[in-house]
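Descriptive analysis of the structure
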Amino acid sequence: MKKSALFCLLAATFASQSLVSCTEVGIVGGRCGQQQVVLEGSCLEECPEELTACDQQCVDLSDNEDHCGSCGNACGAQESCQAGECVFTGSGGSAGAGGSSGTAGSAGEGGSEAGGAGEGQGGAGQGNGGSAGAAGSSAGQGQGGAMPPVCGPPFNTPDKCGSCDVQCPGTEVCSPVGGGYECVPACEPAADLCEGACTDTEVDPDNCGECGTVCESGYCYMGECVGGHYGHVVLMCIDYTETARSSPTQWLLGNSVFLPANRVARVLAFDGFTPAALRDNVDLTLSWAAGEVGQLYELTHEDNADDLAGLLKVENFDTLLVYSQPDAVGTELADLGASLEVPISTFVDEGGAVVVLSGGEMEDFIVAADLLDVTGETALTNVPLFNRAPTDSVGINVLSSFQPLANTCSFTTTAPQNAGQSFVIATQSPLPPPPQPVVNPVVVHKILFKETL
């Protein structure tokens, strides 16, 4: 097979469309027609699809330095054609001699810096420069090193921001500015950089006021954590000497002890001056109440008053349950209340609940612990009790009216009802309106809010 016929077959293979015609006439000793193009010494009617006709030559615009990206767009002496764009490759010495028409080049002088590239098959440099590769692909560089790295667009990184030689400092980022890219501060003036991220410490609950300050409430306002804990105190003039399943008194006990609403309620129960039978009745009633609502709980008994203050922390327990203490004598209840005043106050401030039961003898404890201003406790028999706060968390599901069980009493107090203090069960009916003044509450629910700052 003749060489020209072989080329026609290859040209047809590379082109996406079949060639219009292919001639065996070369340009040696003649020339192609004005409407023809030349490829490797043969005349064609048109170039293969991958090439473009420029000056009757089929060229690759992606890497041709005389026709870079488009016909006639020649790259400068210090540029090379890469992906159809002329890219600066650095200043250097003169190029090794290489023929522009593809003929072999003669030996060239090695440049003192990076040498330019010739298109032809350049010979080796005679100086200290590197040898020229095929089609001038290698360049001399000073003492014979490799070509320097090419820097090109886009210039949108901190290492090349706007141009090759601009690097952003660690506190700045490279961002679009006026159609280009410039180094700008990482954060706006009102923001701080916390763990590498721009953070507004005025409102960020994970970095409130300063980096690393976390708000338990999840709410940060003007650089301070906002929110707090709701604590509870429930005083019940019922000692559970008598009890009944699914009774109003059962619901009152369960609603009170499980106020913190944790999945597993941790209950610390003080029974230092409580008869065993009375304690067991309370525990039984609490188990019924938990079963009604599917509440899990852990009940820890403590009978040593000296150890109680050290145990009473929200890290350990959710609720303090103080049983009625009929076996106390003298000032024991007043002394117990005084010793627990501060621990109880702290416990409630941090979201704990305190429930105190009484059969008519807990007045001294309640006053000394600063839980309510009580001046007396009056026994109740055959007196109907009314649920005056059915929407209060303690009064939910409690019937109205109902008969008091044994050892039920009412508190004598001048304390008022308000948004934070509700007389849930009393001897007075709320109907007909207007409500009568409440002077004999049986169950009092105090809600205390402690703001977190």
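Higher on the page you've got the structure.
Here goes a summary of the coordinates provided. (Residues numbered from 1 in each chain as written. Predicted model: local features only at pLDDT ≥ 70, side-chain atom pairs only at ≥ 80, totals over all residues. Heavy atoms only, no water.)

**Comments concerning the overall build of the chain**
What counts, and what does not: Each helix corresponds to a stretch of at least 4 residues labelled H or I by DSSP, and each strand to a stretch of at least 2 residues labelled E; elements are numbered beginning at the N terminus. Classification of residues uses two cut-offs on accessible area relative to the type maximum, computed with a 1.4 Å probe and protein chains only: under 20% is buried, over 50% is exposed, and between them is partly exposed. Calculation of accessible area relied on Shrake-Rupley with a 1.4 Å probe; when residues are assessed, cover is drawn exclusively from the protein chains displayed.
Each helix and strand in the chain was counted, giving six helices and 25 strands. The buried share among the 453 residues of the chain stands at 38%. Approximately 23,700 Å² of the chain is accessible, and the part contributed by carbon and sulfur atoms is 51%.

**Considering unusual backbone geometry**
S400 connects to S401 through a cis peptide bond whose omega is 0 degrees. Its location among the elements puts S401 in the loop between β22 (386-387) and β23 (408-413). You will see that Y240, though not glycine, has its phi angle at about 70 degrees, which is positive. Within the fold, Y240 resides in the loop between β16 (228-236) and α2 (248-257).

**Focus: the side chain of T249**
Where we set the bar: By the criterion applied in these results, polar contacts are pairs of N or O atoms within 3.5 Å in which, for protein atoms, one can donate a hydrogen and the other can accept it, and in which residues neighboring in sequence qualify only through two side-chain atoms. Residue contacts are defined here by distance: any two heavy atoms, one from each residue, within 4.5 Å place the two residues in contact.
Here T249 shows up in helix α2. Here T249 falls in the buried class, since its relative accessible area comes to 4%. One polar contact links T249 to S247, side chain to side chain, over a distance of 2.9 Å. Not counting chain neighbours up to four residues away, the residues in contact with T249 comprise I238, Y240 and L405.

**Re the pairing of strand β6 (residues 79-82)**
The condition that has to hold: Whether two strands pair comes down to DSSP finding at least two bridges between them.
One ladder, built from four bridges, connects β6 with strand β7 (residues 85-88); its direction is antiparallel. Within the sheet, the bridge partner assigned to E79 lies in β7 and is F88. The antiparallel hairpin formed by β6 and β7 contains two residues in its connecting segment, where A83 sits at a positive phi of about 55 degrees.

**Digging into the pattern of salt bridges**
To keep it simple, the criterion reads: We count a salt bridge whenever a side-chain nitrogen from Lys or Arg sits within 4 Å of a carboxyl oxygen from Asp or Glu.
Overall, the coordinates contain three salt bridges when judged by the stated rule. Residue D280 pairs with R279 through a salt bridge whose shortest N-O separation is 3.3 Å. A relative accessible area of 27% means that R279 is categorised as partly exposed. Salt bridges sharing common partners tie together D271, R279 and D280.

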